[in-house]
Amino acid sequence: MPENIAFSWDNEFIPDANSEVVPRNGSMNMDIQRIPDTKANNESFVASNQSRSRNSAPAGATSRTSISLSSRSSSIDGSPSGVDQSTTALLPPAKRKRAILNEGEDEKTVEIKQQTSNFNGPLVSLNIPRILPHEKVFQIQVGGVMFTLSGASLSSDGPSYFTNFFRPHCEHGNDEIPVLYIDRDPRVFRQIVKHLQGYHIVPADDIEFVYLYADAYYYQLSKLVKHLFEREIFLKIGSKSFRVPREIFKGPGDSPNFFDLGFSSFFIDPQVLNSGSRGLIRPPTVAPPCVPSHSPELFEQLVVALENGYIHIESEEHRDRLLRECRYYHFLGLEQKLIPTKITYNCFLGQEEITLRLKDIRPQGIIESDVPNDEALPSTLQYKRPHIDSEPRDMVLEITEDSALLRPQSVEILTDKAHCKWFIEFHEQSKVRERMDVLIKKLTQISPESKASYFRNNLIRLPCAFVSTYFTIDKEPIDLTTQKDLTVEINFESNEMLKKRKSVQSDCTLQVSHGVFRPLMVRKAQFSLRIFNKNLVVFFHYAETIGTVKELNSRREFLTI
C-alpha cells in the first residue's frame, strides 16, 4: 500500500510566515492516502520540492509546482530525527529554521517545512478518538448495499452502535472481522457515511430530515444528532414544507413553543441519546412534523416576523388571524409585538401611557401602583407587556363593538341640574367580560366586599367617573363635569322640564323620562382603571355612546354589498 500524501497547486505557491502554504491564483487539489502508525508512533514526513517535467506539460499549460510528503526518518515538521519535535515547536522562528535545516536543502524547502509543522502526528488521527484502529477497514451491509468504512471514520462519531459492535472483535485480536448487517434504508445511510467521512450534510426536505434523525438516534451518533438538533427544523404546515432555523424560536416568550412541546418526543436532547436508544431493535416510526389544518401563508409571515422583526398587517381581520396563529404555536413574545398598542407621553400628568384593547391584556402584565399617602387620591393601574417591556406605563384600555352599557344608578333633580351616578356594565355576551373578570380578581388593593359587589346576575358593574372626558350621545357632544363624590352633572336643554319634576332617587333609570338618563350603549371608549378608597373606578377619557334605538338602527350594516 503506498504511503505518501501529495498536495498539488495550480500555478506557483507563496509560503506565508503566519499561515499555511497559500496558493496563488489557483485551487488546491489534495490526494490523501492512509498512513499506518508504527509502535513508536514516530512515522513522519519530509517536504521536498519537486518540479514537474516541462516536457510532460501540454503546450500552453501553466507552470505547476508539486509538493510531496514521503516517509523518511524525520519528524513531521521536517526536522531531523535527532531533534525532538515538541522542543522544536517551541523554538523562536530563527532557531527553529536552523534546527530543521538539513544539508543540501535550500531556503524555500525549509519555509515549506515550517508551514507544515503544525501537524504533530499522523494526519488521519487528528481530532478523532482511537475507539477502533484507524488503519483497519470494516464492512457494514445496509439493506442490500455493502459499505466499507475505516476505523477512523467510525470512530469520528463514537462511541456508537458501530464501534460497540466492532470493538470487542478488535480487542480480542480476531483476524476475521464479521460484517455488520443492518436492515435499514441504504439511501439514508449514504448520508450518514458522508457525515462519518467528515462532510457537512443538510437534509433535502422534511422526509429526509425525519429519516436521518431517527437513524442517527438509533445508531447513537451523538455528533450528528446534535448537528440536526441545533440547526433547522423541518416541518410541514398545510401542504407546504418549511426549513426553519431553530434559533429564531428562542426569542423572549417564544420558547417553549408548539414545536418544543408538541414534538418533544421527537426532537430529543442529544445528551440522552446513548441511554435512550439501547435495546431498540429499530428506531420508532416517526412521521414528519405536520400541522395540516393551519395556513402555510400565515406561518410563513410569522417566520419572517421572527427573523426580521417586521410584518405587514393588511387589516384588522388579518391581524386577528395572525394573533390566533401565534397563540396556537405559542409564540407569546411575537403575539405581544403584533397586538395593536400606542405609547404616548401625557404632558399634563408627566407620565407615559400605553393604550391597548381590553381583550388583549394579559393578567401577568397588570401592575398595581403604590397607594398614595393621601387617601383622597386614586392610584392608576399600570401595564407592562410580557416579554417586551422593561418598565410599566399607565394603562389606557379601549373597548369597541358595543361591548358595554352605561347605566345611571341614582338621579337627583335640583334647581338647574340633574346629578347622576353612572356605572358601566359588561354583559355576559360581551367579548371582553372574561378579561375584565380576570383583571378584577387579580387586584389585591380592592376589598373583598367591593369585589363581590361588582358581580351581579352574570354582569360586571363598575362605578364610572368622567374627568375632562370627550363624551357624545348619538354623535352629539355632551359637556360633563366631575364632582368630588364621583357624580356627573349633566345640563338640561331647558328649564321648563325642571319645573315639572321632583327629586327622584331610584335604582331603575327607566322611571326618568328624560332621554339623557336612559341606558347608553358604548360604541367606542377609552378609559383608565384607578383604585379609590379600595374601590375600582372606571375613569373615562373618551366615549361615543348610542342613546336611542333609532340611532342604533341607523348604524346597522347589510351583509351583502
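This is a predicted model, so every value here is computed, not measured.

Draft legend 1. How the structure looks around the overall build of the protein. Summing up its helical and strand segments, the protein has 17 helices and 26 strands in all. Across the 561 residues in the protein, those meeting the buried criterion constitute 42%. Sequence-distant contacts, at least 24 apart, represent 62% of the contacts inside the protein between residues at least 6 apart. Carbon and sulfur atoms provide 50% of the accessible area of the protein, an area that totals close to 31,400 Å².

Draft legend 2. Focus on the sheet that holds strand S8 (residues 145–150). Pairing is mixed in the open sheet, where three strands are placed in the order S8-S7-S9. This sheet does not close on itself; its edge strands, each paired only once, are S8 and strand S9 (180–182). Going from strand to strand, the sheet's axes swing by 25° on average, the running direction of each strand aside. Here helix H5 (residues 161–171) sits on the sheet and contacts strand S7 (137–142) and S9; the angle it forms with S9, its principal contact strand, is near 155°. Contacting S7 and S8, helix H6 (residues 186–196) crosses the sheet at an angle of about 10° to S8.

Draft legend 3. Up close: the side chain of Gln191. Note on placement: Gln191 falls in helix H6. At 3.1 Å, the side chain of Gln191 and the side chain of Glu208 are in polar contact. Leave out the neighbours within four places in its chain, and Gln191 touches Ile201, Val202, Glu208 and Leu212.

Draft legend 4. Seen up close, the packing of helix H7 (residues 206–218) against helix H8 (residues 222–230). The N-to-C vectors of H7 and H8 enclose an angle of 145°; their axes lie 9 Å apart at closest approach. The interaxial crossing formed by H7 with H8 has left-handed handedness. Residues Phe209, Leu212, Tyr213, Ala216 and Tyr217 of H7 form the contact with H8, whose participating residues are Leu224, Val225, Leu228 and Phe229. Here the residues of the contact of H7 with H8 sort into nine nonpolar, no polar and no charged.

Draft legend 5. Highlighting the confidence of the model for the protein. Of the residues in the protein, 64% reach a pLDDT of 70 or more, and the chain-wide mean stands at 73. In this model, residues 115–125 is a region of pLDDT below 50 whose contacts with residues beyond four sequence positions or in other chains number 28 contacts.

Draft legend 6. Representation of the pairing of strand S16 (residues 379–383) in the model. Most of S16 is tucked away, with five of its five residues classed as buried. When strand S15 (residues 366–368) meets S16, the two strands line up antiparallel, connected through three bridges. Bridged to Glu368 within S16 is Leu381. Across two bridges, S16 lies against strand S25 (residues 520–532) in antiparallel orientation. Across the sheet, residue Ser379 finds its bridge partner in S25, namely Ile531. When S16 meets strand S17 (residues 393–399), the two strands line up antiparallel, connected through two bridges. Following the sheet pairing, Gln382 is matched in S17 by Asp394.

Draft legend 7. Just the nonpolar core, in detail. Leu406, Ile424, Phe426, Leu439, Leu462, Leu536 and Phe540 are the most contacted members of the largest nonpolar core, which totals 38 residues. Every residue in contact with Leu406, bar those within four places of it in the chain, is listed here: Trp422, Phe423, Ile424, Cys464, Phe466, Phe471, Arg518, Pro519, Leu520, Val522, Phe540 and Thr545. Membership of the second largest hydrophobic core comes to 30 residues, among which are Leu180, Phe189, Ala216 and Phe234.

Draft legend 8. Up close: the pattern of salt bridges. Using the criterion set out here, one finds 18 salt bridges in the structure. The salt bridge partner of Arg357 is Asp360, with a shortest N-O separation of 2.6 Å. For Asp360, a relative accessible area of 2% translates into the label buried. Of the charged contacts, one joins Glu425 and Arg461 as a salt bridge, the two residues approaching to 2.5 Å between their closest N and O atoms. Of this pair, Glu425 sits in strand S19 (residues 417–426) while Arg461 is found in strand S21 (residues 459–473), placing the two residues 36 residues apart along the sequence. Residues Glu425 and Arg461 agree in their burial class; the two are buried. Sharing partners across several salt bridges, the network here consists of Glu316, Arg319, Asp320, Arg357 and Asp360.

Draft legend 9. Representation of the side chain of Ser155 within the structure. Position of Ser155 relative to the elements: it lies in helix H4 (residues 151–155). Leaving out residues up to four positions away in the same chain, Ser155 has contacts with Ile128, Pro129, Ile131, Leu132, His134 and Thr163.

Draft legend 10. Quick look at the packing of aromatic side chains. For the structure on display, the rule yields 28 aromatic pairs. Here Phe189 and Tyr219 contribute two aromatic rings whose centre-to-centre distance is 5.9 Å and whose plane-to-plane angle is 85°, an arrangement assigned as edge-to-face. Here the residue Phe189 occupies a position in helix H6, and Tyr219 occupies one in the loop between H7 and H8, the gap between them amounting to 30 residues. Of the two residues, Phe189 and Tyr219, neither departs from the other in class, the shared state being buried.

Draft legend 11. Structural detail: unusual backbone geometry. A cis amide bond links Gly158 with the next residue in sequence, Pro159, at an omega value of 0°. Position of Pro159 relative to the elements: it lies in the loop between H4 and H5. Despite not being glycine, Asn457 has its phi angle at roughly 50°, a positive value. Summarising the element assignment, Asn457 is placed in the loop between strand S20 (455–456) and S21. Taking the relative accessible area as the measure of exposure, Asn457 reaches 73% and is therefore exposed. Its identity is not glycine, yet Asn533 carries a phi of approximately 55°, on the positive side. Within the secondary structure layout, Asn533 lies in the loop between S25 and strand S26 (535–546).

Draft legend 12. Fine view of H7. Relative to the 18 Å expected for 13 residues at 1.5 Å per residue, H7 spans 18 Å between its end C-alpha atoms, a close match to the ideal helical length. Across the 13 residues of H7, 10 count as buried, placing the element largely inside the fold. When H7 is considered as a whole, its buried residues turn out to be Asp206, Phe209, Val210, Leu212, Tyr213, Ala214, Asp215, Ala216, Tyr217 and Tyr218. Where H7 starts, the residue carrying a side-chain oxygen 3.2 Å from the main-chain nitrogen of Ile207 turns out to be Asp205. Trailing H7 by a residue or two, Gln220 shows a phi angle of about 60°, which is positive.

So, how was this worked out
Residues numbered from 1 in each chain as written. Predicted model: local features only at pLDDT ≥ 70, side-chain atom pairs only at ≥ 80, totals over all residues. Heavy atoms only, no water. Helix = DSSP H or I, 4+ residues; strand = E, 2+ residues; numbered from the N terminus. Buried < 20%, exposed > 50% of the residue type's maximum accessible area, 1.4 Å probe, protein only. Contact = heavy atoms within 4.5 Å. Areas by Shrake-Rupley, 256 points an atom, 1.4 Å probe, with all protein chains shown as cover. Pairing = 2+ DSSP bridges. Axes fitted to C-alpha atoms, helices over the stretch in contact; angles between N-to-C directions. Polar contact = N/O pair within 3.5 Å; in protein donor to acceptor, adjacent residues only side chain to side chain. Left-handed = near helix turned anticlockwise from the far one by under 90°. Nonpolar A, V, L, I, M, F, W, Y, C, P; charged D, E, K, R; others polar. pLDDT = per-residue confidence, 0-100. Core = buried A, V, L, I, M, F, W, Y, C linked by side-chain atoms within 4.5 Å. Salt bridge = Lys/Arg side-chain N within 4 Å of Asp/Glu carboxyl O. Phe/Tyr/Trp six-rings, centres within 6.5 Å; stacked < 30°, edge-to-face > 60°. Expected span 1.5 Å × (residues − 1).

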